[in-house]
Amino acid sequence: MSQNKTNLAQRTADTLRAQIRSGEDYAPGSKLPNENHLSLELGVSRTTLRESIRILVAEGLLQVQRGKGTFVTERKDRPADTLPSFDEKKVALKDLYEARLIIEPAAAALACQRATDEEIEEIVRLVKATQEQFTHDFNNEEIIQREIAFHDALIRASHNQFFDHFLPVVNQTIQKTFELEYKWDAVAEGAYNDNFMIIDFLRKRDAEAMRSVMTIHLHRALWTEQLI
């Protein structure tokens, strides 16, 4: 899937996620409209819609029942709902980074061991796309979506279902970071350098080195953004 299609799928998933969590459009246990109707309603292709549904299934918000359709997961059955509602709870950016420091290095290490060759090349492609954006305009919506797509792909490549439910924490951290006023050239420089090591260790499938570089990457962000 191209970068533009990946971004559109993520944005479509964000729209559906908000509708589901509001409880107004789709109540827990309800069935989603058929694919043709929903794709028209959201203004996307069926291919993009399927990818968006896949994202929400991984998060535990949707369940696909073969022969019946796609259903909104009951609240009691949603692993992702054990996480706080970040906007409502006003979770601090530092707290989100601390949670990432616990989970993301471990997920990245597992990705080195478990990712398929195709998944690794897709992650490398996403990193390179982000690197290219660093040389143009760092603080814009496109690079936010590229950063989210990269980190999502890396965590999904761990092939651990629990880590999939952690994706909202990663996405929220990235979104909150870009909402604040920082010296973006310093942020970009640090991320740019770290990403080269991430690509190198991922291709070498060096799990422990990857664990270390991801920890350094997140610590660097904490320092650069003056959160510690």
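Residues numbered from 1 in each chain as written. Predicted model: local features only at pLDDT ≥ 70, side-chain atom pairs only at ≥ 80, totals over all residues. Heavy atoms only, no water.

What about the confidence of the model for the protein chain?
Cut-off, in case you're wondering: Each residue carries a pLDDT score, the predictor's confidence in it, ranging from 0 to 100. Secondary structure elements follow DSSP: runs of H or I no shorter than four residues count as helices, runs of E no shorter than two count as strands, and numbering proceeds from the N terminus. Contact between two residues is taken to exist if any of their heavy atoms lie within 4.5 Å; hydrogens are not considered.
Across the protein chain, the average pLDDT comes to 80, with 79% of residues at 70 or higher. Element-level pLDDT for the protein chain is lowest in helix H4 (residues 86-89), with a mean of 46, against a maximum mean of 92 in helix H5 (residues 93-114). When the criterion is pLDDT under 50, residues 80-90 qualifies, and its contacts beyond four places in sequence or with other chains add up to 15 contacts.

Re the environment of Arg211
Quick reminder of the rule: For the exposure calls, accessible area comes from a 1.4 Å probe over protein chains only, and a residue counts as buried if that area is under 20% of its type's maximum, exposed if over 50%, partly exposed in between.
Mapped onto the elements, Arg211 comes out in helix H11 (residues 207-224). Residue Arg211 is classed as partly exposed on the basis of its relative accessible area, which comes to 33%. Measuring from C-alpha to C-alpha, the distance between Arg211 and Ala108 comes to 6.3 Å, with 103 residues separating the pair along the chain. Residue contacts for Arg211: discarding those within four places in its chain leaves Pro105, Ala106 and Ala109.

Some remarks on unusual backbone geometry
Phi is positive for His159, which is not a glycine, with a value near 55°. Looking at the secondary structure, you find His159 in the loop between helix H7 (141-156) and helix H8 (161-164). With phi around 55°, Arg205 is a residue other than glycine that occupies positive phi space. Its location among the elements puts Arg205 in the loop between helix H10 (184-204) and H11. What makes Arg205 partly exposed here is its relative accessible area of 31%.

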